[in-house]
Amino acid sequence: MNYNDAAFLTERIPLGDKRALSRAITLVENEDPRALKIERDLYSLTGKAYRVGITGPPGAGKSTLVNVLAKEFKSRGNKVGIIAVDPTSPFTGGALLGDRIRMGAALADHEIFMRSMASRGGTGGLARTTTQVADVMDSFGFDVLIIETVGVGQLELDIAGAVDTTVVVLVPEAGGGVQAMKAGLIEIADIFAINKADRDGAEILKSELQDALSLMPAIKNGSWDLPVKLTVALEGRGVKELVDTVYKHKEHLEASGKFHKNRQSQAEIKIRDIVRAEIGKRLWMNPSLKSVLDSLSGFCVEGKIDPYSAARTFLQSAEAQR
Amino acid sequence: MDKIKVLVAKPGLDGHDRGAKVVARALRDAGMEVIYTGLRQTPEMVVEAALQEDVDFVALSILSGAHMTIFPRVLEKLREAGLDHVVLTGGGIIPPEDMDKLHQMGINKLFGPGTSLEEIVNYFKEEGAKKKVS
């Protein structure tokens, strides 16, 4: 019973030991050397959970919506896991993670597993390790994984590369159709949810959004008509319909072959990230290359060489070292 | 990069959460990751949250006078869940003689009215440093 031992954790997680899962997540989050073994050994068990992303601006009601969505998925017989990301302070490194506050009833019976994550320097709306944490949770045997981003602006879009269905949550005051024609957040949506739809303007935003979407070339989705759903998460209104829509999107992805394609490009991103980190380590941790870099950057300041030629020289010395 | 993780919880029916929020904010500003559960948590919910979030500390804020019931219950549930390594601490309107009794049961330091935030932050830092080394 050693919860600090990677082999023990990888053995226990598929057996449904929540404490083992919880500790493994910590190791992954901390980028502890032990995490690598855990991720590797459990990877063959991943891929079964359907991943749903919830993103949108701060205060749109994402956490409240996650709460009712989780309950709805669970009532349909799914084992549900949640990852909720909140921001880390760039000044102190601390974080206040408050997503459990809105979860109340959904967590009371302990059947839903929820993990809060601080963004820890991640700038795309997720933490750097959120995808790896999702993989470890996947291997635990969840049917549905809900990933909630930090409150985002227009350009924190990591979520789209981490999930199968992205739900963008807006509120009636979100601004009209021109906002929807801008690039960024609006483009990554597979489904829009206009939350707090009991407020004025929800229907207007809905029709403006639909208008704007009809003018947009289908960049991400092809033949999928982007649905705009109205919800009042606090009262649970519109939640069944939203979950139905997630399932419709899932069917669409599977029928069109995009499910597999998306997962493959996500795997490609993972491999690229690992390769980039590995190349970085080999280049920047190598002492003799470091001294090459030092002298080249010195020449740059003195105007003896431009940065492009310096980079070429650097790469040549790296090649020569192999 | 091992962060000190603290679960701040308000168990029972007591709805006065200003103190819990002020402490949560102070710990955040000291660089810790603080999970705040919100109001009206049962001991079972607190311990389940501690397990799912893999925290180093559970800090309870109790102003209702129920501390002699709730602290021992949470401690018992933590032990049942195998979370002996989690430090149970907290604060509220707790008379010194009750604090002594709770210490004897195995509850860590408790903070009464008038405690400075600095004292609280230092406690978490010192205890946290001990845990991260061991």
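The structure displayed is predicted, hence computed values, not measured ones.

Caption draft 1: Looking closely at the nonpolar core. All names here are of chain A. Counting residues in hydrophobic clusters, the biggest one holds 49 residues, and the most contacted among them are Leu9, Ile13, Leu21, Ile83, Met137 and Phe192. Counting residues per element, this core draws most heavily on helix H2 (residues 18-29), which supplies six residues. Looking at which domains feed residues into this core, each of domain 1 (1-44) and domain 2 (46-256) supplies at least three. Sequence-distant contacts of Ile83, defined by excluding residues within four places in its chain, comprise Arg115, Met117, Thr130, Val133, Ala134, Met137, Ile146, Ile147 and Glu148. Residues Ile112, Met114, Ala193 and Val243 belong to the second largest nonpolar core, which totals 32 residues.

Caption draft 2: Fine view of the pairing of strand E2 (residues 33-36) of chain B. Residues Glu33 and Ile35 of chain B of E2 of chain B are buried on one face, and the alternating residues Val34 and Tyr36 of chain B, pointing to the opposite face, are buried as well. Here strand E3 (residues 95-97) of chain A pairs with E2 of chain B via three bridges, running parallel. Bridge assignment links Leu96 of chain A to a residue of E2 of chain B, and that residue is Val34 of chain B. At this point the chain moves from strand E1 (residues 5-9) of chain B, through helix H1 (residues 18-29) of chain B, to the parallel E2 of chain B, and the crossover so formed is right-handed.

Caption draft 3: Examining the sheet that holds strand E1 (residues 50-55) of chain A more closely. Residue and element names in this part refer to chain A. Pairing within the open sheet is parallel, and its seven strands lie in the order E4-E2-E5-E1-E6-E7-E8. Each edge of the open sheet carries a strand with a single partner, namely strand E4 (113-118) and strand E8 (228-230). Neighbour-to-neighbour, the strand axes of the sheet open up by a mean angle of 20 degrees, direction not taken into account. As paired strands, strand E7 (residues 191-194) and E8 are joined by three bridges and run parallel to one another. Looking at E8, one finds that Ile194 is bridged to Leu230. With respect to the sheet, helix H6 (residues 130-140) is in contact with E1, strand E2 (80-86), E4 and strand E5 (144-148), its orientation differing from that of E2 by roughly 165 degrees.

Caption draft 4: Geometry of the confidence of the model for chain A. For chain A, per-residue confidence averages 90 on the pLDDT scale, and 95% of positions sit at 70 or higher. Mean pLDDT per element in chain A: helix H7 (residues 177-181) of chain A is the minimum at 60, and E5 of chain A is the maximum at 97.

Caption draft 5: Layout of H6 of chain A. The buried count for H6 of chain A comes to nine of eleven residues, which makes it a mostly enclosed element. A positive phi of about 110 degrees marks Gly141 of chain A, the residue just after H6 of chain A.

Calculation criteria
- All residue numbers refer to positions counted from 1 along the written sequence of the respective chain.
- Naming scheme: in the order in which they are written, chains are lettered from A and ligands are numbered from 1.
- Reporting in this predicted model follows two pLDDT cut-offs: at least 70 for local features of residues, and 80 or more for side-chain atom pairs to be given and counted; totals over whole chains, interfaces and linings ignore these cut-offs and use all residues.
- In computing side-chain properties, one takes all heavy atoms of the structure into account and sets aside hydrogens as well as water.
- Here the nonpolar core consists of buried residues drawn from Ala, Val, Leu, Ile, Met, Phe, Trp, Tyr and Cys, with membership extended through side-chain atoms lying within 4.5 Å.
- Working definition: with a 1.4 Å probe on protein chains only, accessible area under 20% of the residue-type maximum means buried, over 50% means exposed, and in between means partly exposed.
- A helix here means a DSSP run of H or I that spans at least four residues, while a strand means a run of E at least two residues long, and both kinds are numbered starting from the N terminus.
- Segmentation of the chain into domains, including their bounds, is taken from an automatic or database domain assignment.
- Note on contacts: a residue pair is in contact if any heavy atoms of the two residues lie within 4.5 Å.
- Here a strand pair is declared whenever DSSP counts at least two bridges between the two strands.
- By convention, a crossover is right-handed whenever its connection, traced from the first strand over the helix to the second and viewed with the strands pointing away, goes clockwise.
- Fitting a line to C-alpha atoms yields each axis, with helices limited to the stretch in contact; the angle taken between N-to-C directions then spans 0 to 180 degrees.
- Per-residue confidence from the predictor is reported as pLDDT, which spans 0 to 100.

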